[in-house]
Amino acid sequence: TMEFGSGSVFLGTYKVKTSLLNYKVWVSKSSFRFKVPSLAITEDVSVVIIKKDIHRVDIDFLSTSAYICLTLTRGGCSRVRTKIGMDKNSKFQFNSASQKEEEKKIFIFINKVDIQLAKFIAINTAAIGLKFALTHEESSEILSVSKLPFQKSIHDIEQALVKAAE
């Protein structure tokens, strides 16, 4: 198991409340795990996403706002919704009944990417059939479709600065 810090976590469009201490995320051969405030009770709950609940993993480690995007299966999305107390009337786009893949995504923005973390995640997500290292354009599109405009803007500004420096 390896632990890393995350500045923000999104479950669909639900931005989990950011703390000054940031979130701790654990990744292992079988799961991703982190704690988030429950929507139903006034305490944090552990969210564990096991490999069988992950349909696809998209990774953008080339950006200053690096992230992992987990697209969950219908069952995985339903389990997370239940765990955090998200009811059927929720306004957040994290919906196990939806046919739209973007409504089953969890974004974990990473504070600091180092070679050990990148290698550990690559090795331990190898069994997941669909895994992609994203180009800037693909990353920007996923952020746009997933309705994360602030994060998309950061990516786009960074890309413009890189192109200007070339």
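Residues numbered from 1 in each chain as written. Predicted model: local features only at pLDDT ≥ 70, side-chain atom pairs only at ≥ 80, totals over all residues. Heavy atoms only, no water.

Undergrad: Whenever I open this one, the overall build of the protein chain confuses me. Can you help?
TA: In terms of regular secondary structure, the protein chain is built from four helices and nine strands. Counting only residues that meet the buried cut, the protein chain has 42% of its 166 residues in that class. In the protein chain, the proportion of contacts linking residues at least 24 apart, taken out of those at least 6 apart, comes to 55%. Accessible surface for the protein chain amounts to roughly 9,000 Å². Of this, 56% is attributable to carbon and sulfur atoms. (Helix = DSSP H or I, 4+ residues; strand = E, 2+ residues; numbered from the N terminus. Buried < 20%, exposed > 50% of the residue type's maximum accessible area, 1.4 Å probe, protein only. Contact = heavy atoms within 4.5 Å. Areas by Shrake-Rupley, 256 points an atom, 1.4 Å probe, with all protein chains shown as cover.)

Undergrad: Please explain the packing of aromatic side chains as it appears in this structure.
TA: Both the distance between ring centres and the angle between the ring planes are used here to describe each pair of aromatic rings. All chains considered together, the criterion is met by four aromatic pairs. For the pair Tyr67 and Phe109, a centre-to-centre distance of 5.3 Å together with 50° between the ring planes defines the contact as tilted. Placement of Tyr67 in strand E7 (residues 67-72) and of Phe109 in strand E8 (residues 105-110) is noted, with a sequence separation of 42 residues between them. With relative accessibility at 0%, the residue Tyr67 sits in the buried group. Stacked on the ring of Trp26, the Lys or Arg Arg33 has its end atom at 4.5 Å from the ring centre. (Phe/Tyr/Trp six-rings, centres within 6.5 Å; stacked < 30°, edge-to-face > 60°. Lys NZ or Arg CZ within 6 Å of the ring centre and 35° of its normal.)

Undergrad: So what exactly am I meant to see when it comes to the nonpolar core here?
TA: As a rule of thumb, soluble globular proteins bury nonpolar side chains together. Counting 31 residues, the largest nonpolar core has Phe4, Leu11, Phe34, Ile49, Leu70, Leu72 and Ile106 as the members making the most contacts within it. Not counting residues up to four positions away in its chain, the partners in contact with Leu72 are Ile49, Asp53, Ile54, His55, Cys77, Val80, Phe94, Lys104 and Ile106. Core analysis: the second largest hydrophobic core is formed by nine residues, Phe10, Tyr67, Phe107 and Leu143 among them. (Core = buried A, V, L, I, M, F, W, Y, C linked by side-chain atoms within 4.5 Å.)

Undergrad: Sorry, what's going on with unusual backbone geometry here?
TA: With the exception of glycine, most residues fall at negative phi, and the peptide bonds are largely trans. One non-glycine residue, Lys147, adopts positive backbone phi at about 60°. Summarising the element assignment, Lys147 is placed in the loop between helix H3 (136-145) and helix H4 (149-165). Looking at Lys147, the relative accessible area reads 49%, which means it is partly exposed.

Undergrad: Got a minute to help me understand the pairing of strand E5 (residues 44-50) in this structure?
TA: Two faces make up the sheet, and in a regular strand the side chains alternate between them. Only one face of E5 is covered, namely the face carrying Val45, Val47 and Ile49; the face carrying Asp44, Ser46, Val48 and Ile50 is uncovered. Two elements, strand E4 (residues 31-37) and E5, share seven bridges in a ladder whose sense is antiparallel. Across the sheet, residue Pro37 finds its bridge partner in E5, namely Asp44. What sits between E4 and E5 in their antiparallel hairpin is a turn of six residues. (Pairing = 2+ DSSP bridges.)

Undergrad: Quick question: what am I supposed to make of the packing of H3 against H4 here?
TA: Between two packed helices, the angle of one axis relative to the other and the distance separating the axes together describe the packing. Orientation of H3 relative to H4, taken along the N-to-C sense of each, is 160°, at an axis distance of 8 Å. Between H3 and H4, the angle falls in the class roughly antiparallel. Where H3 crosses over H4, the two elements pack in a sense that is left-handed. Two secondary-structure elements touch here, H3 through His136, Glu137, Ser139, Ser140, Leu143 and Ser144 and H4 through Gln151, Lys152, His155, Asp156, Gln159 and Lys163. Tallied by class, the residues present in the contact of H3 with H4 amount to one nonpolar, seven polar and four charged. (Axes fitted to C-alpha atoms, helices over the stretch in contact; angles between N-to-C directions. Parallel < 35°, antiparallel > 145°, perpendicular 65-115°, else oblique. Left-handed = near helix turned anticlockwise from the far one by under 90°. Nonpolar A, V, L, I, M, F, W, Y, C, P; charged D, E, K, R; others polar.)

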